[in-house]
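Survey of secondary and tertiary structure
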Protein chains: 2
Amino acid sequence: MKIIVDAMGGDNAPLEIIKGSIDAKNEYQIGIILVGDENVIKKCAADNNLDISGLEIVHASEFIATDEDPSAVLKAKPDSSLAVGMRLLASGEGDGFVSAGNSGAICVGGTLLVKRIKGIKRPGFAPILPHFAGGCFMLIDAGANLETRPEILLQYAIMASSYMEKVMKIKSPRVGLANVGAEAHKGGELQHRTYELLETSGLNFVGNVEGRDLPAGACDVYVCDGFTGNLVLKTYEGVAKELLKKLKELFKKSTKNKLAAGLIMKDLKAMAKEFDYNEYGGAPIMGTAKPVFKAHGSAKAKTFKNAIRLTKEYVEADVINEMSQALK
Amino acid sequence: MKIIVDAMGGDNAPLEIIKGSIDAKNEYQIGIILVGDENVIKKCAADNNLDISGLEIVHASEFIATDEDPSAVLKAKPDSSLAVGMRLLASGEGDGFVSAGNSGAICVGGTLLVKRIKGIKRPGFAPILPHFAGGCFMLIDAGANLETRPEILLQYAIMASSYMEKVMKIKSPRVGLANVGAEAHKGGELQHRTYELLETSGLNFVGNVEGRDLPAGACDVYVCDGFTGNLVLKTYEGVAKELLKKLKELFKKSTKNKLAAGLIMKDLKAMAKEFDYNEYGGAPIMGTAKPVFKAHGSAKAKTFKNAIRLTKEYVEADVINEMSQALK
């Protein structure tokens, strides 16, 4: 098993990416190919006393910044770490690819460099999020395709169900359709048609799911157009983050509050961890012909190591093969 | 000033609606018309020792349940408390209308019974939500129209700005456009065209706002299509609610935690209150020719009293007149 790592992607590249890769290699006994500017990688490792002798390095002279136009992966920067890494994956030099870089470019590169599973119309960006019933769900699509069609949403549901079952070990994942109300007649044309397709799909379709029921764990797969999905994802993460921040401030406000914090800190940290999306590591791209995984842009070594583990599990579970079968 | 109240709408009707109406009448020195089944209202008041002698009652033989088809307000139930109340408003028997009932029916009734401001294409459902920087913002539209056009979103921005300035006293409200990224080129056709319109509108347009920046208070008016807006609204409220619930459980978990809770409870309650949407009372409908206000479905007396106050302020601020001018 060999995982290809974009050494230049994300807010903390390359240092935290290198650290996470070394840890993953040692912990999971896998091969790692670091893709990026060789001089930068080697200097960073030397400056930080990191032993990278066990990692392969493949040189790429450019990198794509987070706010750059995603199409750069194809045209403007053919020698970016993202493009080089994805071409390595496509040609079979590694089994999976992971990057903490530009989400849009990862989706575009995944679709056009790694290519799609046969029959898949559009790959989807599918982050895994924690909910408050003590588990997680996959949101698909969170922005790979802003406009969509019922047939694409059905494919998303099929692929996400495979992933959640095989990689996340959720038996018969509950599929929910993002909608403005629970009743079947809610929503517009897109929702009505998708509802019909999901109802007869053989998947464990639990009907329309409203935004309010999502945090309570109403489904394991949440199917949505990319525009709405992106806003739901970021609102979801944003509210949790701001509320936890507020709580932190409150615990520091007075001596009495600090005392309370001391008493409850352990449980509070456990709760915060349960809801920490870093624990879930990121978002697989669903529909590419080989496993492509997006780690959180802010990933530090530990989160990135987790992302490599999830990429490895994405490979091992042979979920792409299952998806291909399910789509036939 | 006379406010027309739907006595039969919401989860706690008619008791909490009657209580809230009595309190509002006494506190704000306004006239109240309770619309609903006269026998039910009188019996409920008598059973609970409530003095309703100061309130007018207008009989309506039917009511519309929360999960009923919104069009019932027009056809199936012409004598519903919602329809009767809205016709009273349209004919000038009162200055504003408030209901905790079926949101969809309130939007449909507002549009077709109360009628639109001249020039307004589609009224919007516009809840006011607390954010974590210690203030609030208006989300428009949260589901009155699932599909929309740039011109409609521009009208929403104009109306919401008027409301936030005149009723909520926010000077030069910051208008944000819901989008998947901050850059002007993000999103689809709808976002691009709306961005252009907002940029030259003379409003205080602060650009695209992502879901993650909303809870941190990035804007005072958040403009969005109704489908996405509804999902953002409910995700926003849902995450906050589940997280606070989780916190509550944690504080009860052990003796040590209970002790911590005792120390910090006052501050914690203050924080929860700051984020309690009941404090904001609900959602005005923007674009109807007279003030229509939707109170939270779960409103109890105090929240409903707040909603009556907000309806009164909606009337007093003469914001509909200002909107009409701004739209000319």
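Quick caveat: nothing in here was measured; it's all calculated off a predicted structure.

A short note on the overall build of chain A
Per the secondary structure count, chain A includes ten helices and twelve strands. The C-alpha atoms of chain A give a radius of gyration of 20 Å, which matches the 20 Å a tight globule of 328 residues would have. With the principal axes as the frame, chain A shows a C-alpha extent of 60 × 60 × 35 Å. Expressed as a percentage of the 328 residues in chain A, the buried residues total 57%. Considering only residue pairs separated by 6 or more positions, chain A has 71% of its internal contacts joining residues 24 or more positions apart.

Describing the sheet that holds strand β7 (residues 135–140) of chain A
Residue and element names in this part refer to chain A. Strand order in this open sheet of five strands is β6-β7-β10-β8-β9, and the pairing throughout is mixed. Each edge of the sheet is formed by a strand with only one pairing partner; in this case those strands are β6 (128–131) and β9 (204–209). When strand polarity is set aside, the average angle formed by the axes of neighbouring strands in this sheet is 30 degrees. Relative to β9, strand β8 (residues 174–178) runs parallel, the two sharing five bridges. Residue pairing across strands places Ala 178 opposite Val 209, the latter belonging to β9.

Digging into the relation of the copies chain B and chain A
It takes a turn of 180 degrees to lay chain B on chain A, together with a shift of 0.0 Å along the axis; the resulting RMSD is 0.0 Å. Taken together, these values place the two copies in the relation of a two-fold axis. Among all residues of chain B, the one whose C-alpha sits closest to the rotation axis is Ala 260 of chain B, at a distance of 2.1 Å. The share of interface residues of chain B whose copies in chain A are also at the interface is 100%, consistent with both copies meeting through the same surface.

Examining the environment of Ile 308 of chain A
Residue and element names in this part refer to chain A. Here Ile 308 lies in helix α9 (residues 301–316). Exposure remark for Ile 308: the 26 C-beta atoms within 10 Å place this residue in the buried category. Beyond its immediate chain neighbours, meaning those up to four positions away, Ile 308 contacts Ile 3, Val 5, Gly 20, Ser 21, Ala 24 and Val 98.

Focus: the environment of Glu 16 of chain A
All names here are of chain A. Mapped onto the elements, Glu 16 comes out in helix α1 (residues 15–28). When the C-alpha atoms of Glu 16 and Phe 304 are compared, they prove to be 7.7 Å apart, with 288 residues separating the residues in sequence. Ignoring any residue separated from it by four or fewer positions in sequence, one finds Glu 16 in contact with Ala 299, Lys 300, Ala 301 and Phe 304.

Concerning the interface of chain B and chain A
With 42 residues of chain B at the contact, the number on the chain A side is 42 residues. Breaking the side of chain B that touches chain A down by element, the ones donating at least two residues are α7 (226–251) and α8 (255–274) of chain B. Looking at which element gives the most residues to the side of chain B that touches chain A, the answer is α7 of chain B, with 17 residues. Considered class by class, the residues forming the side of chain B that touches chain A number 22 nonpolar, nine polar and eleven charged.

What to know about the packing of helix α5 (residues 150–166) of chain A against helix α10 (residues 319–326) of chain A
All names here are of chain A. Across the interface, α5 lies against α10 with an axial gap of 9 Å and an inter-helix angle of 140 degrees. Compared by their axis directions, α5 and α10 come out oblique. Crossing geometry of α5 relative to α10 is assigned as right-handed. In this structure, α5 uses Ile 158, Met 159, Ser 162, Tyr 163 and Lys 166 to contact α10, whose residues at the interface are Val 319, Glu 322, Met 323 and Ala 326. Taken together, the residues that form the contact of α5 with α10 break down as six nonpolar, one polar and two charged.

What about the domain arrangement of chain A?
All names here are of chain A. In terms of domains, chain A is made up of domain 1 (1–120 + 287–328) and domain 2 (124–280). Each of domain 1 and domain 2 has a C-alpha centre, and these two points are 25 Å apart. Each partner contributes residues to the interface: domain 1 has 14 residues there, and domain 2 has 13 residues. Secondary-structure elements contributing two or more residues to the side of domain 1 that touches domain 2 are α4 (103–114), α9 and α10. Ranked by residues supplied to the side of domain 1 that touches domain 2, first place goes to α10 with four residues. Among the residues forming the side of domain 1 that touches domain 2, the class breakdown is eight nonpolar, four polar and two charged.

Digging into the pairing of β8 of chain A
All names here are of chain A. Counting buried residues in β8 gives five out of five residues, a clear majority hidden from the surface. Burial of the side chains of β8 extends over both faces: Arg 174, Gly 176 and Ala 178 are buried on one face and Val 175 and Leu 177 on the other. Across three bridges, the pairing between β8 and strand β10 (residues 221–223) is parallel. Opposite Val 175, over in β10, you have Val 221 as the bridge partner.

Considerations on the pairing of strand β12 (residues 292–295) of chain B
Residues and elements named next belong to chain B. The alternating pattern of β12 places Val 292 and Lys 294 and Phe 293 and Ala 295 on opposite faces, both of which are buried. As judged from the three bridges shared by strand β4 (residues 96–99) and β12, these two strands associate in the parallel manner. Note on β12: the bridge partner recorded for Phe 97 is Val 292. Across four bridges, the pairing between strand β11 (residues 282–286) and β12 is antiparallel. Counted as the bridge partner of Pro 284 is Phe 293 from β12. Counted along the chain from β11 to the antiparallel partner β12, the turn is five residues long, and its residue Gly 287 has a positive phi close to 120 degrees.

Looking at the sheet that holds strand β3 (residues 56–59) of chain B
Residue and element names in this part refer to chain B. The seven strands are arranged β3-β2-β1-β4-β12-β11-β5 in an open sheet whose pairing can be described as mixed. Edge positions in the open sheet fall to β3 and β5 (124–125), since each of these has one partner strand only. Where β5 lies against β11, two bridges are found, and the strand directions are antiparallel. The residue of β11 that forms the bridge with Phe 125 is Ile 285. Those strands touched by helix α5 (residues 150–166) are β5 and β11, and its axis lies near 125 degrees from that of β11.

Rules used throughout
- Residues numbered from 1 in each chain as written.
- Chains lettered and ligands numbered in written order.
- Predicted model: local features only at pLDDT ≥ 70, side-chain atom pairs only at ≥ 80, totals over all residues.
- Helix = DSSP H or I, 4+ residues; strand = E, 2+ residues; numbered from the N terminus.
- Rg over C-alpha atoms; globule rule 2.2 N^0.38 Å.
- Buried ≥ 20, exposed ≤ 12 C-beta atoms within 10 Å, placed from the backbone.
- Contact = placed C-beta atoms within 7 Å.
- Pairing = 2+ DSSP bridges.
- Axes fitted to C-alpha atoms, helices over the stretch in contact; angles between N-to-C directions.
- Least-squares fit on C-alpha atoms with pLDDT ≥ 70 in both.
- Nonpolar A, V, L, I, M, F, W, Y, C, P; charged D, E, K, R; others polar.
- Parallel < 35°, antiparallel > 145°, perpendicular 65-115°, else oblique.
- Left-handed = near helix turned anticlockwise from the far one by under 90°.
- Domains from an automatic or database assignment.

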